[in-house]
Amino acid sequence: MAGIIDLRSDTVTRPTPEMRAAMAAAEVGDDVYGEDPTVNQLERRAAEIFGREAALFVPSGTMGNQIAIRLHTQPGQEVIAESRAHILDWEMATTAVFSGCLVRAVPAQRGILTWKEIEPAIYARGAFRASTGLIEIENTANLAGGVCTPLHVMEEIWAGAKERKLPVHLDGARIFNASTALGVDVKTLTRGCDTVMFCLSKGLGAPVGSMLVGSAERMARARLFRKALGGGMRQAGVLAAAGLIALETMPGRLHEDHAHARLLAESLATLEQVAIDLESVETNIVVFRLRGGLSAPAIVNRLRERNILISAFGPDAIRLVTHFDVDRAACLTAAEALTEAIGTATAAN
């Protein structure tokens with residue numbers, strides 16, 4: 001991958017030298033028996049940072065989300081989520097397969113669900129409608145361009161959910177990005193959620209893994225569901241060791257990724273052929289649309305010829321994601337290449 005500028009996702013980062021050294025030296029045991037000391041240390045630390053009783057190390061964010069949905073629901077219920085939610089579009093319909101639930105998709109402006117939008121979608125148990133079992137929030141909102149749900153919006157949701165006796169799960173895959181952008185620590189930003197999933201392998205740069213945090217009772221049940229999904233990892237301390245480094249050292253540099261995303265967005269905003277909402281570029285994700293009938297896959301292919309990797313989302317939408325392995329110079333190069341590719345495509349039309 002030498003010479004490649006990869007802006008497809010923040011999942012593409014490679015372990016830092018410090019992570020590799022920790023992985024090589026990790027003390028390990030069998031985590032299915034609860035005997036891996038490094039995994040146990042990571043779980044304790046994650047629970048402490050989020051102010052929870054317990055945490056569970058899982059192989060992926062998808063598994064963490066799906067375990068949480070199973071914890072909170074009964075088959076035949078609905079899960080309220082924003083219409084572009086990861087659990088709806090990118091988790092292989094596992095909410096239906098594993099929990100027997102339907103996702104009730106609620107469109108929200110800029111991808112930020114509010115209680116005003118959630119409340120009308122709530123249904124009690126009755127003879128004709130499936131009841132609501134869970135409210136799911138995604139912060140940051142991936143396909144909305146990495147926008148953040150502010151604390152006051154979360155607080156209103158927590159209060160409303162408590163009144164309606166409904167649990168709240170947070171897909172916090174990039175919650176540390178939200179925390180950085182909003183200037184609010186993750187404990188405060190998530191305090192009213194019954195469970196929180198966050199990824200170690202996105203902006204925090206670990207090679208593998210996510211965490212689910214919540215009460216001790218829920219995490220004990222979650223361990224059983226992890227096993228049912230094939231997520232019981234044995235000597236997983238070699239992975240947890242990198243996760244500990246990620247959790248302790250990487251949140252403090254996320255503002256750099258946000259600045260690089262802003263650089264890319266501001267460059268694209270100068271082009272007539274690009275539609276982009278600069279206000280939505282709050283963290284490390286840039287989503288924009290092409291005007292004039294330009295093809296997103298064609299632009300992606302043009303950039304690939306220059307060793308720059310980006311993602312098309314549909315016929316005219318493109319996503320860029322900044323991360324630890326892409327510095328300012330690389331983003332400047334990518335911005336120049338995008339400007340040239342889009343301009344050339346326009347001239348060809």
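Whatever comes next refers back to the structure up there.
(A) Representation of the overall build of the protein chain within the structure. Counting its secondary structure elements, the protein chain contains 14 helices and 13 strands. For the protein chain, the spread of C-alpha atoms along the three principal axes comes to 60 × 55 × 35 Å. Per-residue burial over the protein chain gives 56% buried out of 349 residues. Within the protein chain, counting contacts between residues at least 6 apart in sequence, those at least 24 apart form 74% of the total. Of the accessible surface of the protein chain, which amounts to about 14,700 Å², a share of 53% is contributed by carbon and sulfur atoms. Side chains of the protein chain carry 35 positive and 40 negative charges; the gap between the two charge centres is 4 Å.

(B) Seen up close, unusual backbone geometry. In this structure, the amide linkage connecting Asn139 to the following residue, Thr140, adopts the cis form with an omega of 10°. Looking at the element boundaries, Thr140 is found in the loop between strand S5 (132-138) and helix H7 (151-163). Within the chain, Met92 stands out as a residue other than glycine whose phi angle is a positive 60°. Residue placement: Met92 occurs in the loop between helix H4 (86-89) and helix H5 (94-99). Among the residues examined, Met92 registers a relative accessible area of 73% and is labelled exposed. The residue Asn307 is not glycine, and still its phi comes out positive at about 65°. Residue placement: Asn307 occurs in the loop between helix H13 (296-304) and strand S11 (308-309).

(C) Structural context of the packing of helix H3 (residues 61-72) against helix H10 (residues 216-228). As a packed pair, H3 and H10 sit with axes 10 Å apart at the nearest point and diverge in direction by 120°. Taken as axis vectors, H3 and H10 run oblique relative to one another. Relative to H10, H3 is oriented so that their crossing is right-handed. Here Met63, Ile67, Arg70, Leu71 and His72 of H3 come into contact with H10, specifically with Arg218, Met219, Arg221, Ala222, Phe225 and Arg226. Split into classes, the residues belonging to the contact of H3 with H10 amount to six nonpolar, one polar and four charged.

(D) Expanded view of the packing of helix H2 (residues 37-50) against helix H11 (residues 237-249). Orientation of H2 relative to H11, taken along the N-to-C sense of each, is 30°, at an axis distance of 8 Å. Classed by the angle they form, the pair H2 and H11 counts as roughly parallel. Between H2 and H11 the crossing geometry is left-handed. Residues Thr38, Val39, Gln41, Leu42, Arg45, Ala46 and Ile49 of H2 touch H11, and the partners they reach there are Gly237, Ala240, Ala241, Gly243, Leu244, Leu247 and Glu248. Residue classes in the contact of H2 with H11 are distributed as eight nonpolar, four polar and two charged.

(E) Examining the nonpolar core more closely. Phe57, Phe176 and Phe198 are the most contacted members of the largest nonpolar core, which totals 58 residues. Among the elements that line this core, the one with the most residues is H11, at seven residues. Core analysis: the next-biggest nonpolar cluster, separate from the first, contains 33 residues, Leu271, Val281, Phe288 and Val300 among them.

(F) A look at the sheet that holds strand S13 (residues 317-321). Strand order in this open sheet of four strands is S9-S10-S13-S12, and the pairing throughout is antiparallel. In the strand order of this sheet, the two ends are held by strand S9 (274-275) and strand S12 (311-312), each with one partner. Relative to S13, strand S10 (residues 285-290) runs antiparallel, the two being bridged by five bridges. By the bridge assignment, Val286 is partnered in S13 with Leu320. Taken strand by strand, helix H12 (residues 254-268) contacts S9, S10 and S13, and its axis lies near 15° from that of S10.

(G) Up close: the environment of Thr13. Counting through the fold element by element, Thr13 comes out in the loop between strand S1 (5-6) and helix H1 (17-25). Given the relative accessible area of 8%, Thr13 is considered buried. Sequence separation of Thr13 and His323 is 310 residues, and the distance between their C-alpha atoms is 7.2 Å. Here Thr13 is in contact with Lys202, Gly205, His323, Phe324 and Asp325, once residues within four sequence places are set aside.

(H) Representation of empty space enclosed by the protein in the model. One pass over the structure, following the stated rule, counts two cavities of 30 Å³ or more. When its volume is computed, the largest cavity comes out at roughly 100 Å³. Around the largest cavity sit Glu82, Arg84, Ala85, Gly111, Leu113, Glu136, Ile137, Glu138, Ala141, Asn142, Leu143 and Ala144, which together line it. Take the lining of the largest cavity: its biggest share by element is three residues, from S5.

(I) Seen up close, the environment of Val287. By secondary structure assignment, the location of Val287 is in strand S10. Those residues in contact with Val287 that sit more than four places away from it in its chain are Asn142, Leu143, Gly145, Ile276, Ile318 and Arg319.

What counts as what
- Going along each chain's sequence as written, the residues are numbered from 1 onward.
- pLDDT decides what is reported in this predicted model: residues at 70 or higher carry local features, side-chain atom pairs at 80 or more are listed and counted, and totals for whole chains, interfaces and linings draw on all residues regardless.
- Only hydrogens and water are removed before side-chain values are computed, so all heavy atoms of the structure are retained for them.
- Each helix is a run of H or I in the DSSP string that is no shorter than four residues. Each strand is a run of E no shorter than two, and both are numbered from the N terminus.
- We call a residue buried when its accessible area falls under 20% of the maximum for its residue type, exposed when it is over 50%, and partly exposed in between, using a 1.4 Å probe and counting protein chains only.
- In what follows, residue pairs with any heavy atoms lying within 4.5 Å of each other are defined as contacts.
- The protein chains shown are the only cover counted for residues, whose accessible areas, like all others here, come from Shrake-Rupley with a 1.4 Å probe.
- Residues counted as positive are Lys and Arg, residues counted as negative are Asp and Glu, and His and the chain ends are not counted.
- To locate a charge, take atom NZ for lysine, CZ for arginine, CG for aspartate or CD for glutamate.
- Note on geometry: axes are lines fitted to C-alpha atoms, helical ones only across the stretch in contact, with angles between N-to-C directions running from 0 to 180 degrees.
- Any angle that falls under 35 degrees is termed roughly parallel, while one over 145 is termed roughly antiparallel, one within 65 to 115 roughly perpendicular, and all others oblique.
- Left-handed describes a crossing whose near helix is turned anticlockwise from the far helix by less than a right angle; the clockwise case is right-handed.
- Residue type decides the class: Asp, Glu, Lys and Arg count as charged, Ala, Val, Leu, Ile, Met, Phe, Trp, Tyr, Cys and Pro as nonpolar, and the leftover types, Gly among them, as polar.
- Definition used in this section: a nonpolar core is a set of buried Ala, Val, Leu, Ile, Met, Phe, Trp, Tyr and Cys residues joined via side-chain atoms within 4.5 Å.
- Pairing between two strands requires that DSSP report at least two bridges joining them.
- Only protein atoms enter the calculation, which uses a 1 Å grid: trapped sets of points that fit a 1.4 Å probe without letting it out are cavities, open sets showing protein on both sides within 12 Å along at least five of seven lines are pockets, and any residue with an atom within 4 Å of a point is a lining residue.
- Grid points are joined across faces, edges and corners, and a volume is the space filled by probe spheres set on the points.

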